[in-house]
Amino acid sequence: MTKRILHVVTNVSKYEGIDRPTGLWLGELTHAYDEFAKKGYVQDIVSPNGGLSPLEPKSLGKFVADPSVLAHKNDPAFMQLLEQTLQPSQVNWQDYDAIYYTGGHGVMFDFLDDPALQQITRNIYEDGGIVSAVCHGYCGLLNVKLSNGKYLIDGRKMTGFTWTEEILAGVAKKVPYNAEQRAKQHGADFSKCLIPFAPHVVEDGTLITGQNPFSAKNTALAVIKALENM
């Protein structure tokens, strides 16, 4: 049967309390979307509130907007998908083999404590599906608890956008929390590449995570490998 992927994107367009734009880091979606499309997977996009997922302006900069990003940005049909994302209540978790959390700083505000997304994630995970995230996307996994009351990430190997990278990006004093620290507090065996912003993917069974925007393609490839071996 054709595999199905559920992408998760943010609805947040600005940092809370300051006039600084944010949103979906487009390449973290498109790089994965392209790899899944090559396999013929069915792909849907959900956000905490449904509807528009704004784009992080920096993800469209000339040094990061590669052909994949530009092709999708200039594709009206694809952009309509980001204007009309699903609400969690419209999602039947049983339909999906994997969930993939995208990043951008906006997710730090609306992924962390969304009960509907947490339930979808828990159900997919406990049913043997793949739970994956890239960059800040792991904020959506930090507070997910399993049916036994343990954090999903407790005792699991993982990665995500690091505190060092927050500092180097110049936003450490603007973000609402230290996601790397929280992951460790919730029992994760957190690892990172020695070189900030270098690609890094961690696979731990059905939990697959990528460190930063440059890890999206490799994260998707790891998800594909896991799905093809299931």
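As a reminder, the structure under discussion sits directly above these lines.
Before going into details, it helps to say that this report is about the structure given with it.

Parameters and conventions
Residues numbered from 1 in each chain as written. Predicted model: local features only at pLDDT ≥ 70, side-chain atom pairs only at ≥ 80, totals over all residues. Heavy atoms only, no water. 1 Å grid on protein atoms, 1.4 Å probe; cavity = no way out; pocket = protein on both sides within 12 Å on 5 of 7 lines; lining within 4 Å. Points joined across faces, edges and corners; volume = space filled by probe spheres on them. Nonpolar A, V, L, I, M, F, W, Y, C, P; charged D, E, K, R; others polar. Helix = DSSP H or I, 4+ residues; strand = E, 2+ residues; numbered from the N terminus. Polar contact = N/O pair within 3.5 Å; in protein donor to acceptor, adjacent residues only side chain to side chain. Contact = heavy atoms within 4.5 Å. Buried < 20%, exposed > 50% of the residue type's maximum accessible area, 1.4 Å probe, protein only.

The calculated volume of the largest pocket comes to roughly 310 Å³. As for the largest pocket, its lining consists of 18 residues, of which Trp-25, Lys-58, His-105, Phe-161 and Ala-169 are closest to the centre. Looking at the lining of the largest pocket residue by residue, the class counts come to 11 nonpolar, three polar and four charged.

Next up on the list: the side chain of His-136. On the secondary structure map, His-136 appears in the loop between β4 (130-134) and β5 (157-158). Of the polar contacts made by the side chain of His-136, one reaches the side chain of His-105; its length is 3.3 Å. Filtering out sequence-adjacent residues up to four positions away, His-136 remains in contact with Gly-103, Gly-104, His-105, Val-107, Met-108, Phe-161 and Glu-166.

Phi at Cys-135 is positive, roughly 55°, even though this residue is not glycine. With respect to the element layout, Cys-135 can be found in the loop between β4 and β5. Classification of Cys-135 as buried rests on a relative accessible area of 2%. Its identity is not glycine, yet Phe-197 carries a phi of approximately 70°, on the positive side. Following the sequence through the fold, Phe-197 ends up in the loop between β6 (189-190) and β7 (201-204). On the basis of relative accessibility, which here comes to 29%, the residue Phe-197 falls in the partly exposed class.

All quantities given are derived from atomic positions and should not be read as evidence of function.
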